[in-house]
Structure formats: structure tokens, C-alpha cells
Amino acid sequence: MSDTKYVFVTGGVTSSLGKGIISASLAKLLQARGYKVTIQKLDPYLNVDPGTLNPYEHGECYVTVDGAETDLDLGHYERFLNVHTSQANNVTTGRIYQNVINKERRGDYLGKTVQIIPHITDEIKRNIKILGTKHNFDVVITEIGGTVGDIESLPYIEAVRQMKWELEPNQAIVIHLTLVPYLKASGELKTKPTQHSVKALLETGVQPDVIVLRTEKELNQDIRKKVALFCNVDIKSVIQSIDVSTIYEVPVKMQEEGLDETVMKKLNLPIDNKPELKEWKTFLDKLKNAKEVVNIGLVGKYVELADAYKSIIEALTHAATYNDRKLKLHLIHSEQINHKTVDEKLSGLDGILVAPGFGHRGIEGKLTAVKYARENKIPFLGICLGMQCAVIEFARNVLGYQEANSTEMELHTPYPVIDLMEDQKNVTDMGGTMRLGAYECKIKKGTKAYEAYNKDLVEERHRHRYEFNNEYLPAYEKAGMIASGHNPETGLVEIMEIPEHPWFVGVQFHPEYSSTVLNPHPVFLSFVKAAIKNKKE
Ligand code: GLN
């Protein structure tokens, strides 16, 4: 048995309390004391992964270097820890059942009746422990999606109960995150929902070791004592998580509350040094104290749910902060942009970003936004579908191919400037079959892309089926839009830019997935820098 320590994070009362941020913050504090930590998310839904989910359902789909399509919380884990995650860090009920059913079909269960306990719970435990045994982490933090009491999360909670029982006493603990609502009318903070939620957890045989309370008002000693008493924990294990203006402040708040020391004591980890958070705090100071604003327009079709663009928004925040600016983000619905409204919607922006996406809804609005940025010399960043739109717009309005399109939007277009990749042509299953994960990109010297990266060769993450059609490249380059990055193996175009424009760059990959607090992404840094310059001028 490895001596990896396991921390489980469950949630109660309501969803969206920020288990992901609490998990990432605790991980950050442990990492800052020198431990090798990873975070895992177990999602109780039946999709095998979130790749087939509409962003309105669960927000963005985050892509790891190894090409896994995962929950957006993994983005927080990477942004906080500055360490790559992989497929092993996100497991859904769909994947658990798929594995168990495959084993059953293979005959691995030797004639046994296959049941939720032990077979599903064993598969869950195997997926948790693998991070400790195979990947050698000192601490594995496993976040259980959903809320305690949900039918769907029962097998996970049962797996947690079993693991706590099987492992050494100081090897596994449970942190339960709940809400202490504030009733304005009576001016009171209420602990009853927490009591009920801990009771629900106790009914499944799990005693939480630490209670983290989300609250909008400071919790006094009486409230903390009350929660400690009703939930069978010592008062030091009642941790307040007060609302803050930025998620990046949460690790600092958690340290002030002693969450890391409480957890370390319970896990029998020596507390002989202080966490090293200097760089993190420098970033936080910059973020909170930036006065001057940079206005960035994000044009997309899922803007009603900002979580659909989580990584892009965070990457812009990192880039603005390192440029000593406060990000003022303008979410603009692509379906509301047309030649009549475009000026009213986009004028005054310092930079325009056209977002990734699938399908034809909102495409014409995106093309109009690209045209506006190109003609008015506003710094422009197109990501994935945003890059493809830049290519289509250039074909229509500069090359004069009026019916140019992507074959995703118009199968029989006479000018398929964006077309299906060769190896996508026979794909029938939609799940997990895109061009996914990290690929190399060779950068051309003397371009905006090179200026950003200052490197010949980079690796970036992908998630798409269509690509630039290289047949048209000579026409583009002649007319002033060049390929400044390509895949060295396949020759696929990865970056298109217009050298004559102050800053006009389209990337086929997703730079937003790899921007972290301590490692902001060079393409975002350059884009925001150009936007600031544009504002001044
Ligand atoms: N729909 C486009 C493709 O599949 C772009 C995908 C994206 O923006 N992530 O190629």
C-alpha cells in the first residue's frame, strides 16, 4: 500500500459553492509547502466525458495535454497549481460503468453477479487510488461532484466510506463544504442547512473531518461552536470561506483560517515550514490594485453563461494583470451582431476576441465582428472557430470568394477554405474523436506569433475537426494574410495573421487552456498589450 494521503471534498446544501476552488486552494497551500499534490474530479453524470455536452449544460469543456475532454474544474486545478492534469483527473459515472460493463463482457468477473457494491464502488476506488500508486502523488484531493443526498452521488460516497475504513487512520479525510445563508430580514446567519447536510452525510456512514462554510458575512465564535457541536468536529476544523472579489484570493483566506494546518495535522503530515506564496501574492496584489482598464470584447454564442468561456476569461485576466491593467470584459452575443448593429456593439473596445464554437448559429455575427476588427485596425484574437471565421472573412471580403465557407457550415461551398481533416472523414462516433490534446507548432520568425512566443517550437492543445485548407494558402499569403505557425509533422496551419494590421492573429488551437497564474500565456499577453497600445493611440 502506498503512503499517499487522500482528501475527499464533498458538498452540501446547494451546488455551485465552489468545491473546485476550495480543493484547488488547499492543493496550492500544500504544494507551497513542498508536497506533490494533484486534484481529481469525480462527476456523477452518465456521459462518458463532457465532450458531447452543450456548454449551456456544464460550461466549457476543458482539454488536457493528453487529449482528455474534461470538467472545467480541471482548468482551475491547472491555473492554481501550474501542473498538468490528465484523463485520470476526471472520471464520470459513465466512464465507471463503461469500464465495469466492458470487464463483465470480457468475463473478468468470473460468473459473479455484477453489482453497484462491490463492483462499481471498487472501480471508483481504483480510479482514485491510481493517482497515488501509479502517479506517485503525496496527496490526492478528490472532489466529489454534486451534492450529498443526490441519488447519483451515493456510490461515490460509499466508495469514500470504504476507503476511509480501509486506509490507515491518518491517511484519508473528508472535507465537507456547505453554505451558511444570511437572512437579511432577521439579520441572522443560519446553520440549520449545514446541520441537515452533515446529517445526510452521517446517514451514509461518513463523518466529515473538516467543515468549510461558505458565507457572505463573518462567522462569529458562537456560530463556529454551534457547527462544531452539531457536526462532531473540533472548533479548529470549522473553517470560514467568506465571499471574496477574486477566486485567486481564496488560498490566502484559507491559509488565514488554517485550513492547510488543520488538514496536515489530521493527515499526520509534519508542519515544519510555512507555505511559499510570494509570487502568488504578487500576482494578487497586481490584480487587486490595477487601476487603468483594458476593454476586451468577447464575441461568442454562449455568452448567457460566462462559464462557457471560463478559461478564456481567466487567461484574459492573467494577461491584463501582468500588463498592469484591470480587465473590463464585454460579453457580446454573436447573434446580435449584424452590419447595422456592429458599430454600436463593438466601437470603443480596445481588443476583440472571437470565441471557439461549433455549428452555424451566430456565425454571420462572428464574421461581421472579424471584418470590423480587421478594417478598423482593432487588435483581434480568433480562437479555433474564431480563427476559422477570420479565414472565411478574409476569403469573402479580401480575396473576393464571396461564397467561401467552412464545410462545417456549408457542405457544398465552392470555396471550402476551412475543411474537414482527412482523418475525420470516416468518423461516425462524436464522443472523443476530434483532434484533441497537445500538438507541436512551428513558429515563423519575424511574425506577431514569434514576437509573442519568442520561440521556434511550441506545444498547444487542440479540440476541433476542421482546419485551414492548404490549397488556398498561396492566395492568402499573396493578399496579406500569412501562416505564422504550422504543425511540423502534418503541415496543418495552426496560426494565421495579418502583418499589416497592428495585431490580428487567429489560432487553430486553444491557448486559453494553458494560461496559469504563474505562467500567463504569451499569446494572451501580446494580445492584451496590443489592445492597451490601441487604446492609447
Ligand atoms: N467547429 C470547429 C471545428 O470543429 C471549431 C471548434 C472549436 O472552436 N473548438 O473545427
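Scroll up to find the structure.
Bear in mind the structure is a predicted one, so any value in this text is a computation, not a measurement. (Residues numbered from 1 in each chain as written. Predicted model: local features only at pLDDT ≥ 70, side-chain atom pairs only at ≥ 80, totals over all residues. Heavy atoms only, no water.)

Concerning the overall build of the chain
Filter applied, for reference: Numbering of helices and strands runs from the N terminus; a helix is a DSSP stretch of H or I covering at least four residues, while a strand is a stretch of E covering at least two. Atoms counted for the radius of gyration: C-alpha only. Globule rule: 2.2 Å times residue count to the power 0.38. Partly exposed residues are those whose accessible area sits between 20% and 50% of the maximum for their type, while under 20% is buried and over 50% is exposed, using a 1.4 Å probe and protein chains only. Any two residues whose heavy atoms approach within 4.5 Å are treated as being in contact. Computed by Shrake-Rupley with a 1.4 Å probe, the accessible areas treat only the displayed protein chains as cover when residues are assessed. When charges are tallied, Lys and Arg are placed among the positive residues and Asp and Glu among the negative ones, while His and the ends of the chain are skipped. Throughout, a charge is located at the NZ atom of Lys, the CZ atom of Arg, the CG atom of Asp or the CD atom of Glu.
The number of helices and strands found in the chain is 18 helices and 23 strands. Its C-alpha atoms give the chain a radius of gyration of 25 Å, within 12% of the compact-globule value 24 Å for 537 residues. The dimensions of the chain, computed from C-alpha atoms along their principal axes, are 75 × 60 × 45 Å. Among the 537 residues that make up the chain, the fraction classed as buried is 58%. For the chain, long-range pairs separated by at least 24 residues make up 72% of all intrachain contacts whose partners lie at least 6 apart in sequence. Surface accessibility of the chain: about 23,000 Å² in total, with carbon and sulfur atoms responsible for 49%. Placing the 65 positive and 71 negative side-chain charges of the chain at their respective mean positions leaves the two points 5 Å apart.

Things to note about helix H18 (residues 522-536)
Side chains of residues three or four places apart in an α-helix project in the same direction, reflecting 3.6 residues per turn. Using the following cut-off: Here a helix's expected span is defined as the number of its residues, less one, multiplied by 1.5 Å.
With 15 residues, H18 should reach 21 Å at 1.5 Å per residue; the first-to-last C-alpha distance of 21 Å fits that figure. Those residues of H18 that sit buried are Val523, Phe524, Ser526, Phe527, Val528, Ala530, Ala531 and Ile532. Of the surrounding secondary structure, the elements contacted by the buried residues of H18 are strand S12 (293-300), helix H12 (310-322), strand S14 (351-354), strand S15 (380-383) and helix H16 (448-453).

Some thoughts on the pattern of salt bridges
What counts, and what does not: We define a salt bridge as a contact between a side-chain nitrogen of Lys or Arg and a carboxyl oxygen of Asp or Glu at a distance within 4 Å.
Under the definition given, this model contains 35 salt bridges. Two residues, Lys266 and Asp234, come together in a salt bridge whose shortest N-O distance is 3.3 Å. Of this pair, Lys266 sits in helix H10 (residues 259-266) while Asp234 is found in the loop between helix H8 (221-231) and strand S11 (238-242), placing the two residues 32 residues apart along the sequence. Under the relative-accessibility criterion, Asp234 is labelled partly exposed at 38%. For Glu494, the salt bridge identified is with Arg435, shortest N-O distance 2.9 Å. Of this pair, Glu494 sits in strand S22 (residues 493-497) while Arg435 is found in strand S18 (residues 435-443), placing the two residues 59 residues apart along the sequence. Both residues of the pair, Glu494 and Arg435, count as buried. Overlapping salt bridges, with partners in common, bring together Lys41, Asp43, Asp71, Asp73 and Glu143 in one network.

Considerations on unusual backbone geometry
Note the cis peptide between Ile117 and Pro118, where omega equals 10°. Along the chain, the position of Pro118 falls in helix H5 (residues 116-133). At Asn232, a residue that is not glycine, the phi angle is positive and equals roughly 55°. Position of Asn232 relative to the elements: it lies in the loop between H8 and S11. Residues other than glycine seldom take positive phi values, yet Cys384 does so here, at roughly 55°.

Some points on the packing of helix H14 (residues 363-375) against helix H15 (residues 385-397)
Heads up, the rule is: Note on definitions: angles span 0 to 180 degrees between N-to-C directions of axes, and those axes are lines fitted to C-alpha atoms, for helices only across the stretch in contact. Roughly parallel covers angles under 35 degrees, roughly antiparallel covers those over 145, roughly perpendicular covers 65 to 115, and oblique covers all other angles. For this scheme, ten residues count as nonpolar: Ala, Val, Leu, Ile, Met, Phe, Trp, Tyr, Cys and Pro. Four count as charged, namely Asp, Glu, Lys and Arg, and the remainder, Gly too, count as polar.
Relative to each other, H14 and H15 sit at 70°, their axes nearing to 9 Å. In this view, H14 runs roughly perpendicular relative to H15, as classed from their interaxial angle. Contact residues: H14 offers Ile363, Glu364, Lys366, Leu367, Val370, Lys371 and Arg374, while H15 offers Leu385, Cys389, Ala390, Ile392, Glu393, Phe394, Arg396 and Asn397. Class assignment of the residues belonging to the contact of H14 with H15 gives a composition of eight nonpolar, one polar and six charged.

Observations regarding the pairing of S15
Rule in force here: The handedness rule is simple: strands pointing away from the viewer, and a clockwise path from the first strand over the helix to the second, make the crossover right-handed. We call two strands paired when DSSP finds no fewer than two bridges between them.
Of the two faces of S15, the one carrying Phe380 and Gly382 and the one carrying Leu381 and Ile383 are both buried. You can see the chain leave S14, run along H14 and come back into S15, and the turn it takes is right-handed. Bridging between S15 and strand S23 (residues 504-507) involves four bridges; their strand directions are parallel. Bridge pairing in S23 links Phe380 to Phe504.

Points about the state of the cysteines
To keep it simple, the criterion reads: A pair of cysteine sulfur atoms is labelled a disulfide when the two atoms are within 2.5 Å.
Tallied over the full model, the rule gives zero disulfides. The cysteine Cys389 is free of any disulfide, with Cys384 supplying the nearest cysteine sulfur at 10 Å. Take Cys389: its relative accessible area is 0%, and that puts it in the buried class.

Details of the side chain of Gln240
Definition in use: A 3.5 Å cut-off defines polar contacts: any pair of N or O atoms within that distance qualifies, except that in protein one atom must be a possible hydrogen donor and the other a possible acceptor, and neighbouring residues in sequence count only when both atoms are side-chain atoms.
Mapping Gln240 onto the fold places it in strand S11. With a relative accessible area of 5%, Gln240 lands in the buried category. Within polar-contact distance, the side chain of Gln240 engages the side chain of Glu218 at 3.2 Å. One polar contact links the side chain of Gln240 to the main-chain amide nitrogen of Leu219, over a distance of 2.7 Å.

Some points on the site of the ligand
This is how the line gets drawn: We define proximity as follows: a residue is near a molecule or strand when any one of its heavy atoms falls within 4 Å of that partner.
Around the ligand, the neighbouring residues are Pro356, Gly357, Phe358, Cys384, Leu385, Gln388, Glu408, Arg463, His464, Arg465, Tyr466 and His510. A distance of 3.0 Å separates an oxygen atom of the ligand from a polar atom in the backbone of Gly357. Within the contact set of the ligand, a nitrogen atom lies 3.0 Å away from a backbone nitrogen or oxygen of Arg463. Surface burial for the ligand is 99%, taken as the share of its 300 Å² of free accessible area covered by protein chains. Of all the elements in the fold, those that place two or more residues in the shell around the ligand are H15 and strand S19 (457-464).

By themselves these figures say nothing about function.
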